[in-house]
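Chain by chain, the residues:
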Amino acid sequence: GQQLNQSPQSMFIQEGEDVSMNCTSSSIFNTWLWYKQEPGEGPVLLIALYKAGELTSNGRLTAQFGITRKDSFLNISASIPSDVGIYFCAGQGRRTSYDKVIFGPGTSLSVIP
Amino acid sequence: DVKVTQSSRYLVKRTGEKVFLECVQDMDHENMFWYRQDPGLGLRLIYFSYDVKMKEKGDIPEGYSVSREKKERFSLILESASTNQTSMYLCASSDSRGSRYTFGSGTRLTVV
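What counts and what doesn't
Residues numbered from 1 in each chain as written. Chains lettered and ligands numbered in written order. Predicted model: local features only at pLDDT ≥ 70, side-chain atom pairs only at ≥ 80, totals over all residues. Heavy atoms only, no water. Disulfide = S-S within 2.5 Å. Helix = DSSP H or I, 4+ residues; strand = E, 2+ residues; numbered from the N terminus. Buried < 20%, exposed > 50% of the residue type's maximum accessible area, 1.4 Å probe, protein only. Core = buried A, V, L, I, M, F, W, Y, C linked by side-chain atoms within 4.5 Å. Contact = heavy atoms within 4.5 Å. Pairing = 2+ DSSP bridges. Phe/Tyr/Trp six-rings, centres within 6.5 Å; stacked < 30°, edge-to-face > 60°.

A. Fine view of the state of the cysteines. All names here are of chain A. Within the structure shown, the criterion is met by two disulfides over all chains. There is a disulfide in this structure between cysteine 23 and cysteine 89, and the S-S distance comes to 1.9 Å. Negative torsions about the S-S bond denote left-handed disulfides, and the value of about 55° found for cysteine 23 with cysteine 89 makes this one right-handed. Of this pair, cysteine 23 sits in strand E3 (residues 19-25) while cysteine 89 sits in strand E9 (residues 85-92), placing them 66 residues apart in sequence. Here cysteine 23 and cysteine 89 have matching classes, each one buried.

B. Broad picture of the nonpolar core. Counting 22 residues, the largest nonpolar core has Leu74(A) and Leu109(A) as the members making the most contacts within it. Broken down by secondary-structure element, the contributors of at least two residues to this core are strand E2 (10-14), E3, strand E4 (31-37), strand E5 (44-49), strand E7 (61-65), strand E8 (71-76), E9 and strand E11 (107-112) of chain A. When near neighbours in sequence (up to four residues on either side) are disregarded, Leu74(A) contacts Val19(A), Ser20(A), Met21(A), Trp34(A), Ile47(A), Leu61(A), Thr62(A), Ala63(A) and Tyr87(A). Among the nonpolar cores identified, the runner-up in size contains 21 residues, and Val19(B), Ile60(B), Val66(B) and Phe74(B) belong to it.

C. Representation of the pairing of E9(A) within the structure. All names here are of chain A. The buried fraction of E9 is high, at seven of eight residues. Pairing analysis gives seven bridges linking E4 to E9, with the strands arranged antiparallel. Residue pairing across strands places tryptophan 34 opposite cysteine 89, the latter belonging to E9. Where E9 and E11 come together, three bridges link them in antiparallel fashion. Opposite glycine 85, over in E11, you have leucine 109 as the bridge partner. Alignment of E9 against strand E10 (residues 101-103), held across three bridges, turns out to be antiparallel. Paired with alanine 90 across the bridge in E10 is phenylalanine 103.

D. Focus on the packing of aromatic side chains. Here the structure, examined in full by the defined rule, presents 14 aromatic pairs over all chains. On the basis of an interplanar angle of 50° and a centroid distance of 6.5 Å, the ring pair of Tyr35(B) and Tyr101(B) is categorised as tilted. Here Tyr35(B), found in strand E5 (residues 31-38), pairs with Tyr101(B), found in strand E11 (residues 101-103); they are 66 residues apart in sequence, far enough to count as distant. Aromatic side chains Tyr35(B) and Phe103(B) sit 6.0 Å apart centroid to centroid with 50° between the ring planes, which places their arrangement in the tilted category. One end of the pair, Tyr35(B), is in strand E5; the other, Phe103(B), is in strand E11, with 68 residues separating them in the sequence. With respect to burial, Tyr35(B) and Phe103(B) carry one shared label: buried. Put simply, the rings of Tyr35(A), Phe103(A), Phe33(B), Tyr35(B), Phe48(B), Tyr50(B), Tyr101(B) and Phe103(B) touch in pairs and so form one group of aromatic residues.

Keep in mind these numbers describe shape, not what the thing actually does.
Now the structure itself:
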């Protein structure tokens with residue numbers, strides 16, 4: 001079945017550094033999403049992307065929908081301690097309610113003050 | 001503020017007990033989902049529902065069942081809890097696009 005790969009698996013960075021992570025698939029997706037899960041909570045949607053090549057920002061976060069439609073990237077600028085959490089990418093093949101969203105395994109981010 | 005509410009944050013149950021995990025959403029979403037989350041395994045889909053009284057098996061339905069009698073409520077049932085069902089359980093619902101999931105805060109279930 002469809003699978004998503006995320007890299008890196010985990011990151012330890014200094015406060016103030018920029019962060020880059022990516023998500024790849026062997027399948028084409030028509031929607032890419034990025035979620036963040038803080039400790040003890042459910043994932044929260046950060047950014048949704050609907051078009052190949054699309055670049056979308058949400059504050060210090062920027063995500064891109066890869067041109068091949070098989071990958072997506074998330075960047076966080078000037079990291080702060082509250083950025084700590086697990087970042088999940090997710091993809092959907094057809095843009096209908098009946099096509100399940102596939103989640104990646106997550107990238108765990110730790111920020112050292 | 002739109003919400004998905006899971007009835008319990010923490011539960012401890014004994015092996016063999018019947019366990020009900022309740023989830024309620026206030027967004028009038030058609031789609032609802034149950035996932036379990038385990039370290040190193042990510043989010044695994046147990047069951048989902050696209051409409052009232054409708055249910056579909058996800059990737060790991062064994063040992064679970066679900067009920068959706070009302071649009072806003074989706075219940076996960078462990079017919080006879082086992083220790084390998086100790087996990088974090090997450091409920092989610094989605095809008096008409098189907099991709100923008102709203103998750104609950106999770107129920108951490110321990111089966112002893």
